[in-house]
Amino acid sequence: MFSIPGKQAVTMTDKAAAQIAKLMAKDGHKGLRIGVKKGGCAGMEYTMEYVNDVDPLDEVVEQDGARVMIAPMAQMFLFGTQIDYEVSLLEAGFKFKNPNVTEACGCGESIKFDESLAQS
């Protein structure tokens, strides 16, 4: 939908790909669908869910046994994003390094995108 030939919509670090593949194998899911929705103090939030079916309209990115599907309405907001998996003393989880984000709230759960994306 919003793809550029020869360039993936999102990329995954090796750690993220390994974690996604591990969770897919554990529960037999087809992949991880990521998207965005309205919410949070900055206006938007990422969504993530393991799914058992690939929607034909999803953008699919595969790497080292991991499969990420991008929901159609989220593709323009997520293009160029790198997905990482970080482990620290207090928490572990996926982190999004998204060049389209202009602001994020203090808790890191909510984001705001460049206004021009919403008008595309």
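Nothing here was measured: the structure is a model prediction, and the numbers come from that model.

A. Summary view of the packing of aromatic side chains. By the definition in use, this model includes two aromatic pairs. Centre to centre, the rings of Tyr46 and Phe96 are 4.2 Å apart; their planes meet at 15°, and the pair counts as stacked. Of this pair, Tyr46 sits in strand β3 (residues 44-51) while Phe96 sits in strand β7 (residues 92-97); the two residues are 50 residues apart in sequence, bridging distant segments of the chain. Phe96 gets classed as buried once you look at its relative accessible area, which sits at 17%. Between the aromatic rings of Tyr85 and Phe94, the centroid separation amounts to 5.0 Å while the plane-to-plane angle is 65°, which identifies the pairing as edge-to-face. The exposure class of Tyr85 is buried, given its relative accessible area of 15%.

B. Focus on the pattern of salt bridges. Enumeration according to the criterion identifies five salt bridges in this entry. The shortest N-O distance in the salt bridge between Asp58 and Arg33 comes to 2.7 Å. Remark: Arg33 occurs in strand β2 (residues 31-38) and Asp58 occurs in the loop between β3 and β4 (59-63); sequence separation between them is 25 residues. When the shortest N-O distance is used, the salt bridge between Glu91 and Lys95 registers 3.5 Å. Judged by its relative accessible area of 49%, Glu91 falls in the partly exposed class.

C. Expanded view of the sheet that holds strand β6 (residues 81-87). Taking strand neighbours across the sheet as the criterion, the three strands line up as β1-β6-β7 in an open arrangement whose pairing is mixed. Edge positions in the sheet fall to β1 (10-12) and β7, since each has one partner strand and no second. Here the strands of the sheet are splayed against their neighbours by 25° on average, with no regard to which way each runs. Examined bridge by bridge, β6 and β7 share six bridges and lie antiparallel to one another. Within β7, the position partnered with Gln82 by the bridge is Lys97. The sheet contacts of helix α1 (residues 14-27) involve β1, β6 and β7, and relative to β6 the element is tilted by about 75°.

D. Inspection of α1 at higher detail. Along its 14 residues, α1 runs 20 Å from first to last C-alpha, staying within 8% of the 20 Å computed at 1.5 Å per residue. Listed in full, the buried residues belonging to α1 are Ala16, Ala17, Gln19, Ile20, Ala21 and Met24. Just downstream of α1 lies Gly28, where phi reads positive at about 70°.

About the cut-offs
Residues numbered from 1 in each chain as written. Predicted model: local features only at pLDDT ≥ 70, side-chain atom pairs only at ≥ 80, totals over all residues. Heavy atoms only, no water. Phe/Tyr/Trp six-rings, centres within 6.5 Å; stacked < 30°, edge-to-face > 60°. Helix = DSSP H or I, 4+ residues; strand = E, 2+ residues; numbered from the N terminus. Buried < 20%, exposed > 50% of the residue type's maximum accessible area, 1.4 Å probe, protein only. Salt bridge = Lys/Arg side-chain N within 4 Å of Asp/Glu carboxyl O. Pairing = 2+ DSSP bridges. Axes fitted to C-alpha atoms, helices over the stretch in contact; angles between N-to-C directions. Contact = heavy atoms within 4.5 Å. Expected span 1.5 Å × (residues − 1).

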